[in-house]
Amino acid sequence: GKLCWTEEGVLGYDAELKKYVGFTFGQDGTIGRAEGGLKDGVLTLEGKSSGPSPFKEYRCTSKKLDNDRVEVACSIKQDGKYQELVKVIYQRRKP
């Protein structure tokens with residue numbers, strides 16, 4: 001595979017808004033902000049980005065599969081519909 005994009009993100013809970021809030025910082029200077037919540041064991045954040053990235057509206061979900069694995073999927077909104085861009089399963093390393 002070829003690396004085509006990198007970004008850093010921060011996720012937290014805003015007690016005043018009573019929502020999860022995320023910020024992303026892309027390699028090209030794009031900044032994203034998303035809000036969301038936890039329902040049926042799935043954390044869903046929807047957000048918008050500003051900057052040169054063509055991906056202006058997005059949705060990311062995180063779902064705990066078991067004690068060692070989490071599935072994260074991100075979709076972008078195009079023509080009014082979300083289209084999955086990436087899905088990754090993160091696995092905890094055993095010590």
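Here, every reference points to the structure presented above.
Residues numbered from 1 in each chain as written. Predicted model: local features only at pLDDT ≥ 70, side-chain atom pairs only at ≥ 80, totals over all residues. Heavy atoms only, no water.

Colleague: How should I be thinking about the sheet that holds strand β3 (residues 31-39) in this particular structure?
Modeller: Spatially, β1-β2-β3-β4-β5-β6-β7 is the arrangement adopted by the seven strands of the open sheet, whose pairing is antiparallel. Two strands close off the open sheet at either side, each with one partner strand: β1 (7-14) and β7 (81-91). Geometrically, the sheet is characterised by an average inter-axis angle of 20 degrees between neighbouring strands, direction not taken into account. Pairing between β3 and strand β4 (residues 42-50): nine bridges, direction antiparallel. Paired with I31 across the strands is S50, a residue of β4. (Pairing = 2+ DSSP bridges. Helix = DSSP H or I, 4+ residues; strand = E, 2+ residues; numbered from the N terminus. Axes fitted to C-alpha atoms, helices over the stretch in contact; angles between N-to-C directions.)

Colleague: Whenever I open this one, the layout of surface pockets confuses me. Can you help?
Modeller: Gaps left between atoms show up when a probe the size of a water molecule is rolled over them. In this model, the largest pocket occupies a volume close to 910 Å³. In this structure, the largest pocket is lined by 31 residues; those nearest its centre are E7, T24, C60, C74 and V86. Elements with a contribution of two residues or more to the lining of the largest pocket: β1, β2 (19-26), β3, β4, β5 (57-66), β6 (69-78) and β7. The element that contributes the greatest number of residues to the lining of the largest pocket is β1, accounting for five residues. Here the lining of the largest pocket is built from residues that sort into 18 nonpolar, eleven polar and two charged. (1 Å grid on protein atoms, 1.4 Å probe; cavity = no way out; pocket = protein on both sides within 12 Å on 5 of 7 lines; lining within 4 Å. Points joined across faces, edges and corners; volume = space filled by probe spheres on them. Nonpolar A, V, L, I, M, F, W, Y, C, P; charged D, E, K, R; others polar.)

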